[in-house]
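# Commentary on secondary and tertiary structure
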Amino acid sequence: MHARIGLPDGIEIALVDERGEGTPVVFVHGFSNDRSAWDDVTNALPAALRPIAYDLRGHGDSGWSVEGRYHPLDHARDLLGILDALELERAVVVGHSLGGNVATLFAAAHPARVRALVLVDTGPVLSAAAWRQASDDVGEQARAFASVAEYRALLSLAYPLADGAALDRFARSSLCRRRDGRFEPKLDPALLDLDGSEEHMRALEAALWDALAKLRCPVLLARGERSAMLPAPVAQRMVEQVIANARAVEIEGAGHAVAFDAAPALAR
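Quick summary incoming for the structure in this document. The residue numbers shown here count from 1 along each chain, following its written sequence. pLDDT decides what is reported in this predicted model: residues at 70 or higher carry local features, side-chain atom pairs at 80 or more are listed and counted, and totals for whole chains, interfaces and linings draw on all residues regardless. With hydrogens and water set aside, each side-chain value is computed from the structure's full complement of heavy atoms.

With that settled, consider the packing of helix H3 (residues 98-109) against helix H7 (residues 198-214). When two helices pack together, their arrangement is captured by the angle between the axes and the distance separating the axes. At a minimum axis distance of 8 Å, the contact between H3 and H7 shows a crossing angle of 55 degrees. It follows from the interaxial angle that H3 and H7 lie oblique. When the axes of H3 and H7 are compared, the crossing they make is left-handed. The residues of H7 that touch H3, namely those facing Asn-101, Thr-104, Leu-105 and Ala-108, are Ala-207, Leu-208, Ala-211, Leu-212 and Lys-214. Residue polarity is assigned by list, with Asp, Glu, Lys and Arg as charged and Ala, Val, Leu, Ile, Met, Phe, Trp, Tyr, Cys and Pro as nonpolar; anything else, Gly included, falls into the polar class. Here the contact of H3 with H7 is built from residues that sort into six nonpolar, two polar and one charged. Axis definition: a line fitted to C-alpha atoms, limited for helices to the stretch in contact. Angles are taken between N-to-C directions and run from 0 to 180 degrees. Each helix corresponds to a stretch of at least 4 residues labelled H or I by DSSP, and each strand to a stretch of at least 2 residues labelled E; elements are numbered beginning at the N terminus. Between 65 and 115 degrees an angle is taken as roughly perpendicular, under 35 as roughly parallel, over 145 as roughly antiparallel, and anywhere else as oblique. Handedness of a crossing is defined here by the sense of rotation of the near helix relative to the far one, left-handed for an anticlockwise turn of less than a right angle and right-handed for a clockwise turn. The contact definition used throughout considers only heavy atoms, calling two residues in contact when any of these lie within 4.5 Å.

This part is about the packing of aromatic side chains. Working definition: an aromatic ring pair is given by the centre-to-centre distance plus the angle between the planes. Side-chain rings of Phe, Tyr and Trp, where Trp is taken by its six-membered ring, are said to pair if the distance between their centres is within 6.5 Å; with planes under 30 degrees apart they count as stacked, over 60 as edge-to-face, and otherwise as tilted. Within the structure shown, the criterion is met by four aromatic pairs. With a centroid separation of 5.1 Å and 75 degrees between ring planes, the pair formed by Tyr-159 and Phe-260 is classed as edge-to-face. Here Tyr-159, found in the loop between helix H5 (148-158) and helix H6 (164-173), pairs with Phe-260, found in helix H9 (residues 258-261); they are 101 residues apart in sequence, far enough to count as distant. There is no split in this pair, since Tyr-159 and Phe-260 are both buried. A positively charged side chain is recorded as over a ring if its NZ (Lys) or CZ (Arg) lies within 6 Å of the ring centre. The angle to the ring normal must also be within 35 degrees. The lysine or arginine in question, Arg-237, covers the ring of Trp-209, its NZ or CZ lying 3.8 Å from the ring centre. Under the scheme applied here, a residue whose accessible area is under 20% of the maximum for its type counts as buried, over 50% as exposed, and between as partly exposed, the area being computed with a 1.4 Å probe on protein chains only.

With that settled, the discussion passes to the layout of surface pockets. Both site types are read off a 1 Å grid over the protein atoms alone. A 1.4 Å probe that fits but cannot get out defines a cavity, while an open set with protein on both sides within 12 Å along at least five of seven lines defines a pocket; lining residues have an atom within 4 Å of a point. Grid points are joined across faces, edges and corners, and a volume is the space filled by probe spheres set on the points. Reported here for the second largest pocket is a volume of approximately 450 Å³. Taken together, 21 residues form the lining of the second largest pocket, with Val-118, Leu-220, Leu-266, Ala-267 and Arg-268 sitting closest to its centre. Looking at the lining of the second largest pocket, the elements that each hand over two or more residues are strand E3 (23-28), strand E5 (91-96), strand E6 (114-120), strand E9 (219-224), strand E10 (246-251) and helix H10 (263-267). Grouping the constituent residues of the lining of the second largest pocket by class yields 19 nonpolar, no polar and two charged.

It is worth spelling out the pattern of salt bridges at this point. Only one rule defines a salt bridge in this text: a Lys or Arg side-chain nitrogen within 4 Å of an Asp or Glu carboxyl oxygen. According to the stated counting rule, one finds 17 salt bridges in the structure shown. Residue Arg-35 is joined to Asp-55 by a salt bridge in which the shortest nitrogen-to-oxygen separation is 2.5 Å. Placement of Arg-35 in the loop between E3 and helix H1 (39-43) and of Asp-55 in the loop between strand E4 (49-54) and helix H2 (72-85) is noted, with a sequence separation of 20 residues between them. A relative accessible area of 15% places Arg-35 in the buried class. With a closest N to O distance of 2.6 Å, Arg-57 and Asp-78 form a salt bridge. Of this pair, Arg-57 sits in the loop between E4 and H2 while Asp-78 sits in helix H2, and the two are 21 residues apart along the sequence. Looking at Arg-57, the relative accessible area reads 2%, which means it is buried.

Written as structure tokens, this is what we have:
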């Protein structure tokens, strides 16, 4: 089932819920991605699970915020609206990168709604320099392209460890064609203007550490072995010192984009 869910602030969220039954597992993608990033993971899950993947506001086929409300807390409120609209009392929540921050904030604020939490190469520490680099990469990807193939070539540079077929699908699904015949990613340009100041990043980091300490559900932290975004010492601190009920796994051969780089291992 492909659906659009209207939220209280008027934004519509696009999602896919192909199986419609089983233990619900809600997938939250990272910054500048869309729900198709999870395809190889969700397709590999056993029949007892019900994967539900959606596009964050401002991304993919979901609506844009006129007011530019794209803070992780805004996304966390959207997740609550999605569970309510689907009449899901509890779900496993899986989040990557920004999606992991969203899932963390949501699970801390609504513990009764989260059966378990999977954090995919995501943590509370992101330096201003790393944020600028990520923003620069997305800015380069957000320009117009003469063809899908041109965009696909750029993706291969941004995701050097990724499975080629996964990037082929992502390139096709994440673009829209303009009236002049060129292609551009389905992203609200306002996403490129988000506050990446040191002050903002430190405030968000503090909020995320606090949220991690409040978690009581089982937590799996899946780190890409070659990730530059989640340092191993930070992952160790999260699991051993902060989260009450957590374990960590390292996904061999994967960088930050674990679902692109090693989907079968992540699904397992």
